Amino acid sequence: MDLSVSVSDGVALLEMRRPPANHFDETLIGQVVDAATGLDDDPACRVIVLASEGRHFCAGADFGGGDFADDHVAAAERLYRRAAELFDVRTPMVAAVQGTAVGGGLGLACATDFRVAEPSTRFVANFARLGFHQGFGTSVTLPEIVGRQAAADMLLTGRRITGEEALRIGLADRLAAPGTLRETAFALATEIAAAAPLAVRSIRATLRAGLAARVREALAHELAEQKIHWATEDSAEGIAASLARRPPIFRGV
């Protein structure tokens with residue numbers, strides 16, 4: 001298993017274990033979905049903390065290996081089917097984001113209710129720098145969290161957002177002192193867990209009403225756009241440049 005699950009004092013910890021970058025695929029996202037869905041019916045769990053082992057929270061899909069290296073489209077279709085189920089989870093979720101949350105990793109963080117970061121955390125919507133349309137439902141979740149203009153800034157430039165800027169624009173809900181990320185995330189989760197659980201779930205359901213349906217619609221559109229872009233030279237260049245850690249040279253073809 002690439003995911004560990006533990007529950008204590010009303011708070012569950014889901015820890016992804018594919019260090020250092022915690023790249024995901026259908027298998028890992030499926031494990032997160034299945035674990036979170038199971039916790040929905042566990043009276044011992046009132047809040048979920050999503051975290052990861054290693055240097056980075058999640059670097060999204062691995063285009064240099066695994067399913068995505070073999071067939072981008074087929075891998076994304078399978079991944080998005082499971083990812084959509086994250087938005088059906090009824091339990092509040094807090095993401096503890098260390099290192100970087102990149103591309104689909106940013107999308108995963110945005111699928112949760114709250115994000116806790118450190119000053120050294122970096123959030124990156126690098127899709128355009130890879131030569132293709134954004135995915136993982138970020139067309140809906142990112143602008144809903146930070147607003148349309150801040151989302152456009154992130155998506156069109158692909159620039160890195162620091163922990164401090166993330167807090168300022170609302171992408172991060174708490175900024176932990178260095179070395180206290182898990183402690184700060186659990187403090188937020190514990191505060192939520194102390195509230196009336198039936199009321200918490202009801203309030204959350206009201207705030208997120210229609211979100212799952214909108215994300216599913218967005219995922220279908222995102223994948224349709226990605227299919228087009230993954231067939232272009234720009235996308236091949238963007239992915240190759242990223243793997244080689246060099247600046248991409250795009251030609252618009």
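Quick caveat: nothing in here was measured; it's all calculated off a predicted structure.

Thresholds applied
Residues numbered from 1 in each chain as written. Predicted model: local features only at pLDDT ≥ 70, side-chain atom pairs only at ≥ 80, totals over all residues. Heavy atoms only, no water. Helix = DSSP H or I, 4+ residues; strand = E, 2+ residues; numbered from the N terminus. Buried < 20%, exposed > 50% of the residue type's maximum accessible area, 1.4 Å probe, protein only. Core = buried A, V, L, I, M, F, W, Y, C linked by side-chain atoms within 4.5 Å. Contact = heavy atoms within 4.5 Å. Salt bridge = Lys/Arg side-chain N within 4 Å of Asp/Glu carboxyl O.

For this particular structure, what's the right way to read unusual backbone geometry?
Peptide bonds are trans in most cases, and residues, glycine excluded, mostly fall at negative phi. A cis amide bond links P19 to the next residue, P20, at an omega of 5°. Of note, P20 is situated in the loop between β2 (10–16) and α1 (26–40). In this structure, D9 takes a positive phi of about 55° despite not being glycine. Here D9 shows up in the loop between β1 (3–8) and β2. Take D9: its relative accessible area is 73%, and that puts it in the exposed class.

Is there a simple way to think about the nonpolar core in this case?
Considering soluble globular proteins, one finds that nonpolar side chains tend to be buried as a cluster. Among the nonpolar cores identified, the biggest contains 64 residues, and F57, L108, F123 and L171 are the most heavily contacted of them. When residues in this core are grouped by element, the largest group, seven residues, is from α1. Contacts of L108, omitting those with residues within four sequence positions, involve M16, F24, I29, L50, F57, C58, L86 and F136. Core analysis: the next-biggest nonpolar cluster, separate from the first, contains 16 residues, A96, A185, L188 and A189 among them.

In this structure, what is going on with the pattern of salt bridges? I would like to understand it.
Note that side chains of opposite charge can pair when their charged atoms are close. Enumeration according to the criterion identifies 21 salt bridges in this entry. Note that D2 is salt-bridged to R18, the shortest N-O span being 2.9 Å. Of this pair, D2 sits in the segment before β1 while R18 sits in the loop between β2 and α1, and the two are 16 residues apart along the sequence. Across the pair D173 and R115 runs a salt bridge, and its minimum N-O distance is 3.8 Å. In this pair, D173 is assigned in the loop between α8 (163–169) and β9 (174–175) and R115 in strand β6 (residues 114–117), connecting sequence segments 58 residues apart. Residue classification places D173 among the partly exposed residues on the basis of a relative accessible area of 25%. Relative accessible area serves as the criterion here: at 2%, R115 is assigned to the buried category. Taken together, the salt bridges that share partners define one network made up of D153, R159, E165 and R168.

Help me understand the side chain of H72, please; the structure alone is not making it clear to me.
Positionally, H72 belongs in helix α3 (residues 72–85). What makes H72 buried here is its relative accessible area of 18%. With sequence-adjacent residues up to four places away left out, H72 is seen in contact with F63, W230 and I239.

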